[in-house]
Amino acid sequence: MIIERPAAFVTPDFLIRQATEAWEIGGAASLRHRTFVTEQGIFDTHDRDAIDRTALPLVALSTMASEADEVVGTVRIHEETPGIWWGGRLAVAPDYRRVGRLGAELIRLAVGTAHARGCRTFLAHVQMQNVPLFEKLNWQPLGHQECHGHPHMKMQADLAAYPPVLDPARGWMALTRRAA
């Protein structure tokens, strides 16, 4: 008798919103650590920096029975100078990278939130393997840059493609490709 291990359950819908609860903020920090320290080795011990003191953490949350369950994606945004915003530390948990548009939804929330707060320019240093995704989402490459010893592309969002998000803590539901 052959017994096959069942595939891991992946929820069909996600909450995309600003992290406001302690468990969401902690889950975002944990996911960033797993992604940028453990998996990619970009940082030796942690990826936290001074920007985290003022940055807005945004999250993608898996759901269970329509209730928020686990942080499976995150990005942070911050205003560097008046009107100039940056996004960074975009991470999606490995089991959720191929199920939907979580990265794109987080980018949409990031730029839309900054747009609602007076952003005139939204920038990011994007890992080279993610440049095609950003280009599909109306971002323009501005040039190669080395960040933390790894090649990145400095990119700028087309704000006209991102309506302002006035209440990022409320956010929205996003569906996986299969559910959509």
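This text goes with the structure placed above it.
Each chain carries its own residue numbering, running from 1 in the direction its sequence is written. The model is predicted, so local features are restricted to residues of pLDDT at least 70 and side-chain atom pairs to those at 80 or more, both for listing and for counting; the totals for chains, interfaces and linings are taken over all residues. Excluding hydrogens and water, the side-chain values take into account all heavy atoms of the structure.

**Observations regarding the overall build of the chain**
And step 1. Under the DSSP-based scheme used, a helix requires at least four consecutive residues in state H or I and a strand at least two consecutive residues in state E, with every element numbered from the N terminus. A count of helices and strands for the chain gives three helices and eight strands.
And step 2. When the elements of the chain are put in sequence order from the N terminus, they spell out β-α-β-β-β-α-β-α-β-β-β.
And step 3. Both definitions apply: the radius of gyration is a C-alpha atom measure, and the globule rule equals 2.2 Å times residues to the power 0.38. Taken over the C-alpha trace, the chain has a radius of gyration of 16 Å; the compact-globule value for 180 residues is 16 Å, and the two agree within 12%.
And step 4. Dimensions along the principal axes, computed over C-alpha positions, put the chain at roughly 60 × 35 × 30 Å.
And step 5. Residues count as neighbours in contact if any of their non-hydrogen atoms are within 4.5 Å of one another. The long-range share in the chain, meaning contacts at least 24 apart out of those at least 6 apart in sequence, stands at 65%.
And step 6. Here the chain has roughly 10,000 Å² of accessible surface; of this, 52% comes from carbon and sulfur atoms.
And step 7. Averaging the positions of the 19 positive and the 20 negative side-chain charges in the chain gives two centres separated by 3 Å. Method for areas: the Shrake-Rupley scheme with a 1.4 Å probe, in which residue coverage is limited to the protein chains shown. By the counting scheme adopted, Arg and Lys are positive, Glu and Asp are negative, and His together with the chain ends is not counted. Where a charge sits is defined by one atom per residue type, namely NZ (Lys), CZ (Arg), CG (Asp) or CD (Glu).

**What about the nonpolar core?**
And step 1. I16, Y96, L102, V111, F122 and W139 are the most contacted members of the largest nonpolar core, which totals 49 residues.
And step 2. It is helix α2 (residues 102–116) that provides the largest number of residues to this core, a total of eight residues.
And step 3. Residues contacting F122, with those up to four places away along its chain left out, are I77, W85, W86, G87, A110, V111, A114, W139, M155, Q156, A157 and L159. As used here, the term nonpolar core means buried Ala, Val, Leu, Ile, Met, Phe, Trp, Tyr and Cys residues forming a set that is joined through side-chain atoms within 4.5 Å. Note on classification: 1.4 Å probe, protein chains only; a residue is buried when its accessible area is under 20% of the maximum for its type, exposed when over 50%, partly exposed between these limits.

**Observations regarding the layout of surface pockets**
And step 1. Looking at the largest pocket, its volume works out to about 1,100 Å³.
And step 2. In this analysis the probe radius is 1.4 Å and the grid spacing 1 Å, with only protein atoms considered; a cavity is a set of points the probe fits into but cannot get out of, a pocket is an open set with protein on both sides within 12 Å along at least five of seven lines, and lining residues have an atom within 4 Å of a point. Taken together, 41 residues form the lining of the largest pocket, with L90, A91, Q127, N130 and F134 sitting closest to its centre.
And step 3. Elements represented by at least two residues in the lining of the largest pocket include exactly α1 (22–39), β3 (67–81), β4 (84–92), α2, β5 (121–127), α3 (131–136) and β6 (139–147).
And step 4. Looking at which element gives the most residues to the lining of the largest pocket, the answer is β4, with seven residues.
And step 5. Residues are grouped as follows: Ala, Val, Leu, Ile, Met, Phe, Trp, Tyr, Cys and Pro are nonpolar; Asp, Glu, Lys and Arg are charged; every other residue, Gly included, is polar. Class assignment for the residues of the lining of the largest pocket results in 21 nonpolar, 13 polar and seven charged. Grid points are joined across faces, edges and corners, and a volume is the space filled by probe spheres set on the points.

Geometric values such as these leave the question of function open.
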